[in-house]
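# Architecture at a glance
Okay, here's what each chain looks like letter by letter:
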Amino acid sequence: MTTESREVHWVYVAEKGLVPKNEGRKILWGDRQIALFHLAHGFFAVDNKCPHKQGPLADGITAGGAVYCPLHNWKIDLANGCALAGGEGKVRTYPVRLEGEKVYLGFEITETQIPMKEVMAILRPSQWGRTKQKLTEAGILAFTQRRVFGRGKQRGLQYWVAKKKTDRSEMGISFIPKRIVILVLPESQVNTAVNALIEANQTGAIGDGKIFVSPVEEVIQVRTGLNENRVKEMGGAPL
Ligand code: FES
């Protein structure tokens with residue numbers, strides 16, 4: 001029998017301000033739903049499934065260090081996940097770490113349990129400074145970018161030039177300067193990255209750009225030659 005090594009993987013999940021005092025909020029990580037609570041004595045996280053009949057604990061009322069399930073009022077201790085009243089049962093808990101205004105949750109995982117994704121965005125070059133700022137603010141520190149030329153369905157920039165009243169010729173610029181940004185991230189950070197990219201680049205006009213998300217099979221560090229399908233740093237694997 002082999003013993004799989006497990007380690008805690010810290011994932012940035014929210015700003016502290018997202019969860020008002022004495023309330024809970026639902027957070028998604030991969031296919032897990034987690035209830036994050038902000039109590040007087042700190043932040044607590046448990047699976048968002050009541051041990052009775054899967055009620056959404058994030059919507060419950062908090063009291064001291066516990067929450068009352070909104071469905072049938074079981075009382076759950078948020079420190080250890082145990083039912084204190086209503087019946088017997090236990091919900092999974094997660095360690096919480098605060099760094100400044102950012103909330104991180106600790107997930108116990110094996111190396112192969114971290115699905116990696118590539119996020120590639122083609123954006124307006126004028127938005128690059130803002131894009132860099134928003135990604136950094138979101139805790140995503142490692143990315144690659146370069147200047148490129150491209151065009152969409154509009155075939156670049158096309159316009160008519162009138163030489164005389166009856167003589168017009170179509171002119172244009174076939175390829176427009178763009179900025180390409182490439183990130184390789186754990187799947188859990190993809191939504192954060194996509195939201196930051198949209199926030200930095202969305203004007204509502206044609207040409208705002210496109211974002212592509214695709215799976216990454218392996219990450220190999222050139223310096224060591226090691227297969228790194230795990231990410232120890234917040235912010236993804238540097239290319
Ligand atoms: S589902 Fe929570 S008490 Fe019934």
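One can find the structure itself at the top, above this paragraph.
Residues numbered from 1 in each chain as written. Predicted model: local features only at pLDDT ≥ 70, side-chain atom pairs only at ≥ 80, totals over all residues. Heavy atoms only, no water.

### Quick look at the pattern of salt bridges
Scanning all chains against the criterion turns up eight salt bridges. Put simply, E23 and R25 hold a salt bridge, and the shortest N to O gap is 3.0 Å. The exposure class of E23 is partly exposed, given its relative accessible area of 34%. A salt bridge links K134 to E199, with the shortest nitrogen-to-oxygen separation between them at 3.2 Å. With a gap of 65 residues between them, K134 in helix α1 (residues 128-137) and E199 in helix α2 (residues 190-201) connect regions that are remote in the sequence. When salt bridges with common partners are traced through the structure, they connect K134, E137 and E199 into a single cluster. (Salt bridge = Lys/Arg side-chain N within 4 Å of Asp/Glu carboxyl O. Buried < 20%, exposed > 50% of the residue type's maximum accessible area, 1.4 Å probe, protein only. Helix = DSSP H or I, 4+ residues; strand = E, 2+ residues; numbered from the N terminus.)

### Considerations on unusual backbone geometry
For residues besides glycine, phi is generally negative; the peptide bonds are generally trans as well. Not every positive phi belongs to a glycine, and Q54 is a case in point at roughly 65 degrees. Inspection of the secondary structure puts Q54 in the loop between β4 (42-47) and β5 (61-63). Take Q54: its relative accessible area is 51%, and that puts it in the exposed class. The residue N73 is not glycine, and still its phi comes out positive at about 70 degrees.

### Concerning the sheet that holds strand β7 (residues 75-77)
As a general point, the strands of a sheet are linked pairwise by backbone hydrogen bonds and lie either parallel or antiparallel. Strand order in the open sheet formed by four strands is β5-β6-β7-β8, and the pairing between neighbours is antiparallel. Single-partner strands in this sheet number two, and they are β5 and β8 (83-85). Ignoring which end each strand starts from, the neighbouring axes of this sheet average 35 degrees apart. Pairing of β5 with strand β6 (residues 66-68) involves three bridges; the strand directions are antiparallel. Each bridged residue has a counterpart across the sheet, and for I61 the counterpart in β6 is Y68. (Pairing = 2+ DSSP bridges. Axes fitted to C-alpha atoms, helices over the stretch in contact; angles between N-to-C directions.)

### Re the packing of aromatic side chains
Under the definition given, this model contains two aromatic pairs. Seen in terms of ring centroids, W128 and F143 are 6.0 Å apart; in terms of plane orientation they differ by 85 degrees. Their pairing is edge-to-face. Placement of W128 in helix α1 and of F143 in the loop between α1 and β13 (144-150) is noted, with a sequence separation of 15 residues between them. W128 sits in the buried class, given a relative accessible area of 12%. You can call F143 partly exposed: its relative accessible area is 22%. The positively charged end of R97 is found above the aromatic ring belonging to Y104, 5.9 Å away from the centroid. For the cation-ring pair, R151 lies above F175, with the distance from its terminal atom to the ring centre recorded as 5.0 Å. (Phe/Tyr/Trp six-rings, centres within 6.5 Å; stacked < 30°, edge-to-face > 60°. Lys NZ or Arg CZ within 6 Å of the ring centre and 35° of its normal.)

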